[in-house]
Each structure stands twice: as structure tokens, then as C-alpha cells.
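Residue-level listing of the chains:
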Amino acid sequence: MIELSACPTTTNGASTGGPQALEVVAQGLVADDSTAYLIVQHMPFGMTSVLADLLDSCSALTVREASDGDRLEAGTALLAPGDFHLRLGPGGMVQLDQGAKVHYVRPSVDVALLSAAELYGSQTVAVVLTGIGSDGADGAAAVHAAGGVVIAEHESTCVVWGMPKAVAERGVAHEIVPLPDVAGTIARHLSASGRARRRDRS
């Protein structure tokens, strides 16, 4: 998830067990006028459009597969298409490419998170869910360093505690919570961020 200037941004990353985990999280998220979402799931080309439709059907958010040139939009979750890295450019514009795989995968959670941290810094909430390997740990570290929030799924609910474990071992997770609590934890941090922005404007 990513918080944009008027719009927090949240980025969710997942691998093995991810579709089911994302469905649980998506069901608990509430669409608002200030939060845009990115989702990166390790999945081949042609399958992510099916996942986007599934998540759209069970969430209050509008969920769709991202296209090159899309822009982040409040209340909408853009899912990185299979076999394409997703980066954010100026103005929250989506940039897709088929550059070299990162951690042997494309799309890579790290690629999306690193660009989000660079653009939106403390307005970013990064969520790393179940999955094999360490993709997402470098991006989570960048979000943490930029003042954003990092949430990792707890080992007790992971199909594979690889990606969240890598984040936890880096010491950059602000919270490590079981899957049923992820959406509520996201909402709590977004609410706190919103209160902070209102104080800054007063």
C-alpha cells in the first residue's frame, strides 16, 4: 500500500500461499478517498488477471491488473501483471518492464517497494505476506529507512515463512501479525498517518 500526498500507498507482496492470503486481506480493506494500493504476487503471465478479478469480487476496493501508464488512485488496488516488474514514476505513474529477474522472480516485490519508498517515503505502508525466499526484504528496509511502516505476516499463518522471515530478520518490521489481523493493522497505521497529516496542516 502506498500513501500518496493526499493518498497513502500500501504495497502488498506475496508468493507461495499468496492468493489465499491476499483474499483474506482484501476482504478486510475499506475503500477511502486517501489510500491507493499496489499488489505484487509472484505469478506467471496470464494468471494475474484472474487473481485481480477474484480480489475485486471479494473486496470493497476496485482491484484490477495494472497497465503501463496507469496512475495510482484512491480506493483502487493495482496488481502487477505476471512476468512484468512494476515501478512507480512521477505522479504515481505505473511503469512496467521485463528487466532482469530479481531474486529469480518477475514481478519482484523489491522493485515495487523500492520505487514506492523513493517516491512516497513516510507515506508508504509495506506489507510482506507468505512466500518463499527473501523478495521484499530490501524494499521493506527502504520503506523503513524512509519513515514508512512495515508489516510482516506472522509465521503461525504463513504457508511458507520465507519472505516475512527475511523482513523480520532484517529488523525492519514494525509489526509482525497473523494473517487475520493484517487488514486491521493496515487500517490502524493509515488512520494514525491521517491524524498526523491533519495535525501538520493545523
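Reading the values: the criteria
- Residues numbered from 1 in each chain as written.
- Predicted model: local features only at pLDDT ≥ 70, side-chain atom pairs only at ≥ 80, totals over all residues.
- Heavy atoms only, no water.
- Buried < 20%, exposed > 50% of the residue type's maximum accessible area, 1.4 Å probe, protein only.
- Helix = DSSP H or I, 4+ residues; strand = E, 2+ residues; numbered from the N terminus.
- Pairing = 2+ DSSP bridges.
- Right-handed = clockwise from strand over helix to strand, strands pointing away.
- Core = buried A, V, L, I, M, F, W, Y, C linked by side-chain atoms within 4.5 Å.
- Contact = heavy atoms within 4.5 Å.
- Polar contact = N/O pair within 3.5 Å; in protein donor to acceptor, adjacent residues only side chain to side chain.
- Axes fitted to C-alpha atoms, helices over the stretch in contact; angles between N-to-C directions.
- Parallel < 35°, antiparallel > 145°, perpendicular 65-115°, else oblique.
- Left-handed = near helix turned anticlockwise from the far one by under 90°.
- Nonpolar A, V, L, I, M, F, W, Y, C, P; charged D, E, K, R; others polar.

Visitor: Would you take a moment to explain the pairing of strand β8 (residues 124–128) for this structure?
Guide: As a general feature of sheets, a regular strand has side chains that alternate between the two faces. Summarising burial for β8: five of the five residues are buried, a large majority. Burial of the side chains of β8 extends over both faces: T124, A126 and V128 are buried on one face and V125 and V127 on the other. Relative to strand β9 (residues 149–153), β8 runs parallel, the two sharing four bridges. Counterpart to V125 in the pairing with β9 is V149. In this region the chain leaves β8, passes through helix α4 (residues 137–145) and returns to the parallel neighbour β9; the handedness of that crossover is right-handed.

Visitor: I would appreciate a short explanation of the nonpolar core in the present structure.
Guide: Counting 29 residues, the largest nonpolar core has L72, L86, L88, V94 and V167 as its most contacted members. Of all the secondary structure elements, the ones that give two or more residues to this core are β3 (36–41), β6 (85–89), β7 (93–97), α3 (109–120), β8, α4, β9 and α5 (163–170). The biggest single contributor to this core is α3, with six residues. With near-sequence residues (within four places) excluded, V94 lies in contact with A66, S67, D68, G69, D70, L78, L86, R87 and L88. Among the nonpolar cores identified, the runner-up in size contains 26 residues, and L22, V127, V177 and A183 belong to it.

Visitor: Hey, could you run me through the side chain of D110 in this one?
Guide: Looking at the secondary structure, you find D110 in helix α3. Within the local environment of D110, its side chain forms a polar contact with the side chain of H103, the two groups lying 2.7 Å apart. With residues up to four places along the chain from it excluded, the contact list for D110 reads H103, S134, D135, G136, A137, D138 and G139.

Visitor: Whenever I open this one, the side chain of T130 confuses me. Can you help?
Guide: When you line up the elements, T130 lands in the loop between β8 and α4. A relative accessible area of 2% means that T130 is categorised as buried. A polar atom in the side chain of T130 sits 3.1 Å from the backbone nitrogen of V159.

Visitor: For this particular structure, what's the right way to read the packing of helix α1 (residues 18–28) against helix α2 (residues 48–58)?
Guide: Relative placement of two packed helices is described by the angle separating their axes and the distance separating the axes. Close contact between α1 and α2 brings their axes to 9 Å; oriented N to C, the two are set at 30°. With respect to α2, the element α1 is oriented roughly parallel. The chirality of how α1 crosses α2 is right-handed. Taken together, the residues of α2 that come into contact with α1 (itself represented by P19, L22, E23, A26 and Q27) are L51, L54, L55 and C58. Here the residues of the contact of α1 with α2 are counted per class, giving seven nonpolar, one polar and one charged.

Visitor: Before we go on, may I ask you to explain the packing of α4 against α5 in this structure?
Guide: At their nearest, the axes of α4 and α5 sit 9 Å apart, and the two run at 40° to each other. Our classification of the angle between α4 and α5 gives oblique. In the crossing of α4 with α5, the sense of the turn from one axis to the other is right-handed. Contacts from A137, D138, A140 and A141 of α4 reach α5 at A166, V167 and R170.

Visitor: Which parts of the structure should I look at to understand the pairing of β7?
Guide: Only one face of β7 is buried, namely the one carrying V94 and L96, since none of M93, Q95 and D97 on the opposite face is buried. Inspection of the sheet shows β6 paired to β7 by five bridges, in the antiparallel sense. Counterpart to H85 in the pairing with β7 is D97. Linkage of β6 to β7, two consecutive antiparallel strands, is achieved through a turn of three residues, within which G91 is found at a positive phi near 75°.

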